[in-house]
Amino acid sequence: MRVGILGPLTVEVDGRAVDVGGARLRTLLARLACEPGRLVPVERLAGALWPDAAPTDPANAVQSLVSRLRKTLDGHPALVSGAGGYRLDVPADAVDAHRFERLAGEGRRALRDGDPARAAALLAEALDLWRGTPDVDAALAARWQELRLTAIEDHVEAAGPRAPGLVARLRELTAAHPLRERLAAQLVTALHAQGRRAEALAAFEECRHRLADELGVDPSPQLRQAHLLALTDRPGGNLRTPLTSFVGRDEDVTRLATQILDRRLVTLVGPGGAGKTRLATTVAARDPHPAWLVELAPVAEAAEVPAAVLRALDGGGQLEAPQRTRRADVTDRLAEILAPAAALLVLDNCEHVVDAAARLSEDLLGRCPKLRIMATSREPLGILGETLFPVGPLDPQAAVRLLRDRAEAVRPGFEVTPAAAEICRRLDGLPLAIELAAARLRSFTAEQLAAGLDDRFRLLTGGSRTALPRHRTLHAVVAWSWDLLEQPERDFGAAIAVFPGTFDAGAAAAVAGVPDAGPYLDLLVDRSLLQVVAGATVRYRMLETIREFALEELLRAGRAGPVRSAHAAHYLALAERAEPHLRAAAQLDWLARLRPERANLHAAVAHACDSGDAATAFRLGAACGWFWTFEDNHAEAAGLLGRILAVPGEVPPDVRTVVLAVYLINSGFAGDFQFDDGLLREVLRLAAEVPPGTGHPFVALVEPVVLMFGDDGVRGAESVRRRLAGPIEPWSRGMLLAILGNLRENDGDIAGMLAAHEAAAAAFREVGERWGLSITLASIADARSRRGDFATAAALFAESIDLHHQLGVRDGEAYQRIRLAAVRRHTDGLDAARAELRRFAEDPAALPRDVSHAMLELGQLARHAGDLDEAERCYLQAWRRQAESPLVAPQYRALVQVARAQLDLRRDDLPAARQRLADALELAVPVRDMPVVGQVAIGVAALAAARGAPGTAAEILGVARGLAGGDDLSNADLVAQAAALRDELGAAGFDEAVRRGAALDRAAALTLVQAQVLRR
């Protein structure tokens, strides 16, 4: 099927035209075609069909129209219904409006990439699709009309100002759109290009008056530039036509063109190879006045700068020096030449003669009122009136476009792969480095080149033979700037290259061994060898290419080892100073202090491990372990801690204990909580060697945590009680109480769990520690929800989520968000719960295991609402998403199987339900999570009831109560089954059966449940 909406509605089915009669049917089809392949909700369709007054039952009214439209389309399968709406299931290109958007976008990109012929062809094809006013609602029609005008303007630009018939076409367009400045600028340019200067000036004046009268604004820079070009009508300058396209920096070109029109001195500053010269000459070529490029790189002496400018002007041959009766110095001659005419000088590569370039610029600008100067330099000229224009790396998309463009010249058919983006990232997005890399793609694949960038200075050689020597290799690019430094500045720059990420002035001073790093940092920033990173505090970073060069200098000087040791010592001191505060009220301030230092902390660990410095490595692990546990990457934390544990050497027992314990915790979070028994015994042995009340506070938690992971609830609870009986600081007390609460919950003691967690929360509130409080509040909320106190549970979940947000930790809040959404079913209604869960499930940043949890809850809502097909879809997606997750606890898989068994029972498929419940029981029992075993028992009770054994079903509900420590009033299956069985058995019979089941010991209870599951 193909649909046309750029004009009267047209429809083609299998190559033949279909007449869609009736205004509302045409509106319906057009509205669906606006979003091909996407579900359009009924309410939006109703708004388009009945804009003034919607019918009483819009859903039925829309459905009736859809039925009529299906008949008109001979039942074509492209018209599809979905949950709450309808969609036209066709490719985007099957609708002319979307094909137009694609072609126009490709045309604009081709124009931006310097390929006007291809751009013109694409834009012409796009514009040919238009047949009239779009047959859609006003807002969408206006949007596509705007896109059409932009495409027309792009097509005019691609065709060039001398295209036949262009002036007449532009006059029609500007008459129809008199306030559209780009069209007006194109008309002025076209008239001027065709020798009709007076008409061009008149067209500008007409538009300028209209803008002032109707909008009260001045003409845009683009329109002003076209006017100035027509006004001066002066060719000149010495700029050459570039041999390659200019890629990226569209916004920079516009901004710089505006600045150089309004300011008299603009200096482009940035690191070597950033593309300052190409940007400056690109803008200069579009300037309305003659522009001269003065290449200062070959100038060896500062005194030669004025002469170099004069040679450039004489080479242009456009401005004559008047006859003089006496010989004047070169600067006087330059002023005499430049004073009468408006002109633009581009002083390129000023950094090595910056003082002379600054003096000459100030002198000429003062004596030549119509002169403007654009300078490129790795540091500012530093004179009054100078406007700085920083030129940094290309953005990632533009960098890849540049690599592709240059690679295609040496390797036709080059295809962009992820390795291309890696090359551009490793080369900091520097255009010159990317162009050197592209040249090497003649001999290497992108993957080989990316892998070889660790030796970038050997690899990236062989630039253009006609380029300046310092632009022929990447090493020469950086060396040009480095060699301009004095020796103390080089020593400082080499030292700070050990920072892999950003750093502050204090760290730089400590690592470089200077009392005050400020003057050195300022100088390196001015020389574009260092970048200031925006943020709450002033921090710095080196581009990777410059950093690699500086590291080579550090190694060559034999200083790498001592400097790296100083770096590790500085960050060890910082981590040990921060560690106690991460367990107290100041943790937010210290997290903010540590987070920018993650790369530096990792580098400090790497150096300590590589050099065999066990003392430093283990102290770093003990100081950073809790910080790393806060963060969202447990696998990374486990890797760092595991590397530390492999370093041989004598280490105090409490330090080694903390590192091993935090390693086990993070490896558990990152995997499936399966631990090496040898490591568990080792950490228990180490912890036992630490005298009570000494060492790191985490040591007191080791034995209870290990026993909790080992599902040894009795010994775990005893270990907690023993430690709580002695002197202990509040944070450790809170953690021990939280562990005790988890142990009691696993044992089905919900009342004991609640008491322990509430005491833990009080301890965490006392010290102001948010992470432990957040986790504890979530457990309390679960207990309150089980008791039917949904309002309190919702408030506690919300507070837990807020604490996570304060900490900046998002990985741990998924459980709370999903549980809060589930509780909202009871506080805010089914729709609110469903909407919140869908938002979470559709979040692209959500982890597969968390999406699985959300889909399980959505399935529960759908099943309880009677939508069994939707429930099945959700359960199946929950089950499949588990396979994508590195962490799926067996008891969670058991819960999904119980839910699917309940669905089977709703469909009277007892064999399938029995098998799923058997699987669930097999998953849940070995891990001894009694609340989950209780939920399995609730499913088994439903199976018994379906088999016609209500007494057994009620008794198994009693088993569920005993296993889980009470009835879970948040479980809709339990509530519904209890009510049904009470009606069937009578209150007394039901209560007696439940009492019998609850009174069974655990072994007998499990035997009863298993017997029902094993029965076929």
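Below is a summary of the structure that appears in this document. Here, residues in each chain are numbered from 1, in the same order as that chain's written sequence. The predicted origin of the model limits local features to residues at a pLDDT of at least 70 and limits the giving and counting of side-chain atom pairs to 80 or more, whereas totals for whole chains, interfaces and linings rest on all residues. Water and hydrogen atoms were dropped before computing side-chain values, which therefore reflect all heavy atoms in the structure.

A tally of regular secondary structure across the protein gives 48 helices and 13 strands. Along the first, second and third principal axes, the C-alpha set of the protein runs to 125 × 85 × 55 Å. Counting every position in the protein, which comprises 1016 residues, the buried fraction comes to 52%. Expressed as a percentage of contacts within the protein between residues at least 6 apart in sequence, the contacts between residues at least 24 apart total 69%. On the protein, roughly 44,300 Å² of surface is accessible, and the fraction owed to carbon and sulfur atoms is 52%. Only four residue types enter the charge count: Lys and Arg as positive, Asp and Glu as negative, with His and the chain ends excluded. Taken as the charge centre is NZ of Lys, CZ of Arg, CG of Asp or CD of Glu, depending on the residue. A gap of 3 Å separates the mean positions of the 119 positive and 134 negative side-chain charges of the protein. Secondary structure counts use DSSP, requiring at least four H or I residues in a row for a helix and at least two E residues in a row for a strand, with both numbered from the N terminus. We call a residue buried when its accessible area falls under 20% of the maximum for its residue type, exposed when it is over 50%, and partly exposed in between, using a 1.4 Å probe and counting protein chains only. For this analysis, residues touch if any pair of their heavy atoms sits within 4.5 Å. Per-residue and other accessible areas were derived by the Shrake-Rupley procedure at a 1.4 Å probe size, with only the shown protein chains allowed to occlude residues.

Topologically, Leu127 is positioned in helix H5 (residues 116-127). As a C-alpha pair, Leu127 and Leu149 span 22 residues in sequence and 9.6 Å in three-dimensional space.

Working definition: the strands of a sheet are paired by backbone hydrogen bonds and lie parallel or antiparallel to each other. Strands qualify as paired when DSSP identifies two bridges or more between them. Overall, antiparallel pairing links the 3 strands, which are arranged E1-E2-E3 in an open sheet. Among the strands making up the open sheet, the edge pair consists of strand E1 (2-4) and strand E3 (16-17).

What follows concerns the nonpolar core. Within this scheme, the nonpolar core is defined by two criteria: the residues are buried Ala, Val, Leu, Ile, Met, Phe, Trp, Tyr or Cys, and they are joined through side-chain atoms within 4.5 Å. Grouped together as the largest cluster of nonpolar side chains are 162 residues, with contacts concentrated most on Met374 and Ile496. When residues of this core are assigned to their parent elements, the largest contribution, 11 residues, is made by helix H29 (residues 614-630). Ignoring anything within four residues of it in the chain, the contact list for Ile496 reads Phe503, Ala508, Leu521, Leu524, Leu530 and Met542. Grouped together as the second largest cluster of nonpolar side chains are 77 residues, Val11, Ala46, Leu170 and Leu211 included.

This next bit is on the sheet that holds strand E5 (residues 79-82). Pairing is antiparallel across the open sheet formed by 3 strands, whose spatial order is E4-E6-E5. The sheet terminates laterally at strand E4 (40-41) and E5, the two strands that pair on one side only. Bridge analysis of E5 against strand E6 (residues 85-88) gives 4 bridges, and the strand direction is antiparallel. If you follow Ser81 over to E6, its bridge partner there is Tyr86. Lying over the sheet, helix H1 (residues 23-33) contacts E4, E5 and E6, oriented at roughly 75 degrees with respect to E6. Here helix H3 (residues 58-72) sits on the sheet and contacts E5 and E6; the angle it forms with E5, its principal contact strand, is near 155 degrees. Axes here mean lines fitted to C-alpha atoms, for a helix over just the part in contact, with angles spanning 0 to 180 degrees between N-to-C directions.

With that settled, consider the pairing of strand E11 (residues 387-390). Of the two faces of E11, the one holding Thr387 and Phe389 is buried and the one holding Leu388 and Pro390 is not buried anywhere. Sheet analysis places strand E7 (residues 265-269) next to E11, joined by 4 bridges and oriented parallel. Within E11, the position partnered with Leu268 by the bridge is Phe389.

Note that Ala687 resides in helix H32 (residues 677-689). On a C-alpha basis, the gap between Ala687 and Asp654 in space is 6.8 Å, while along the polypeptide they are 33 residues apart. Not counting residues up to four positions away in its chain, the partners in contact with Ala687 are Thr657, Val699 and Val702.

Further remarks concern the packing of helix H39 (residues 814-827) against helix H40 (residues 830-841). In the contact formed by H39 and H40, the axes pass within 6 Å of each other and the chain directions differ by 160 degrees. Classified by the angle between their axes, H39 and H40 sit roughly antiparallel to one another. Where H39 crosses over H40, the handedness of that crossing is left-handed. Contacts between H39 and H40 involve Ala814, Arg817, Ile818, Ala821, Arg824 and Arg825 from the former and Leu830, Ala832, Ala833, Glu836, Leu837 and Phe840 from the latter. By the convention adopted, Pro, Cys, Tyr, Trp, Phe, Met, Ile, Leu, Val and Ala count as nonpolar, Lys, Arg, Asp and Glu as charged, and the other residues, Gly among them, as polar. A per-class count over the contact of H39 with H40 returns 8 nonpolar, no polar and 4 charged. Here roughly perpendicular refers to angles of 65 to 115 degrees, roughly parallel to angles under 35, roughly antiparallel to angles over 145, and oblique to all remaining angles. Handedness of each helix crossing follows the sense of rotation of the near helix against the far helix: counterclockwise by less than a right angle gives left-handed, clockwise gives right-handed.

For helix H8 (residues 181-193), with 13 residues, the first-to-last C-alpha span of 18 Å sits near the 18 Å given by 1.5 Å per residue. With 11 of its 13 residues buried, H8 lies for the most part within the structure. Of the residues making up H8, those classed as buried are Arg182, Leu183, Ala184, Ala185, Gln186, Leu187, Val188, Ala190, Leu191, His192 and Ala193. Helices are assigned an expected span. That span is 1.5 Å times one less than the residue count.

Next up on the list: the pattern of salt bridges. Salt-bridge detection follows one rule: a side-chain nitrogen of Lys or Arg within 4 Å of a carboxyl oxygen of Asp or Glu. All chains considered together, the criterion is met by 64 salt bridges. The shortest N-O distance in the salt bridge between Arg87 and Asp89 comes to 3.7 Å. According to the relative accessible area criterion, Arg87 is partly exposed, its value standing at 26%. A relative accessible area of 42% means that Asp89 is categorised as partly exposed. Taking the shortest distance from any N to any O, the salt bridge between Asp252 and Arg255 comes out at 3.3 Å.

The end-to-end C-alpha separation of helix H26 (residues 560-578) is 27 Å, in line with the 27 Å expected for 19 residues at 1.5 Å each. Along H26, the residues classified as buried are Ala560, Val563, His567, Ala568, Tyr571, Leu572, Leu574, Ala575 and Ala578. Buried residues along H26 sit in contact with helix H22 (487-495), helix H23 (505-512), helix H25 (544-556), helix H27 (587-594), helix H28 (598-610) and H29.

On to the side chain of Arg401. The topology assignment puts Arg401 in helix H16 (residues 396-410). Its relative accessible area of 16% is what places Arg401 among the buried residues. At 3.3 Å, the side chain of Arg401 forms a polar contact with the side chain of Asp113. Apart from the residues within four sequence positions on either side, Arg401 is in contact with Arg112, Asp113, Val247 and Gly248. Identification of polar contacts relies on pairs of N or O atoms within 3.5 Å, with a donor-acceptor requirement for protein atoms, meaning one able to donate a hydrogen and the other able to accept it, and with residues adjacent in sequence counted only if both atoms are side-chain atoms.

The next thing to look at is the packing of aromatic side chains. What describes a pair of aromatic rings is the distance from one ring centre to the other and the angle between the planes of the rings. Planes of paired rings set the category: under 30 degrees apart is stacked, over 60 is edge-to-face and the rest tilted, where pairs are Phe, Tyr or Trp rings (Trp by its six-membered ring) whose centres lie within 6.5 Å. Applying the stated rule across the entire model yields 8 aromatic pairs. Ring geometry for Phe100 versus Trp130: centroids 5.6 Å apart, planes at 85 degrees, classification edge-to-face. Here Phe100, found in helix H4 (residues 96-112), pairs with Trp130, found in the loop between H5 and helix H6 (138-159); they are 30 residues apart in sequence, far enough to count as distant. Each member of the pair Phe100 and Trp130 is classed as buried. Between the aromatic rings of Trp626 and Trp771, the centroid separation amounts to 5.2 Å while the plane-to-plane angle is 80 degrees, which identifies the pairing as edge-to-face. Of the two residues, Trp626 is situated in helix H29 and Trp771 in helix H37 (residues 770-786); the sequence distance between them amounts to 145 residues. The exposure classification of Trp626 matches that of Trp771, with both residues buried. Three or more aromatic residues link up through ring pairs in this structure, and these residues are Phe499, Phe503, Tyr540 and Tyr571.

Moving on, we come to the packing of helix H33 (residues 702-709) against helix H34 (residues 713-724). Here H33 crosses H34 at 165 degrees, and the two axes come no closer than 8 Å. As summarised for this structure, H33 and H34 are arranged roughly antiparallel, according to the angle between their axes. Like other packed secondary-structure pairs, H33 and H34 cross with a definite hand, here left-handed. Residue-level contacts link Glu703, Pro704 and Leu707 of H33 to Arg715, Gly716, Ser719, Val720, Arg722 and Arg723 of H34.

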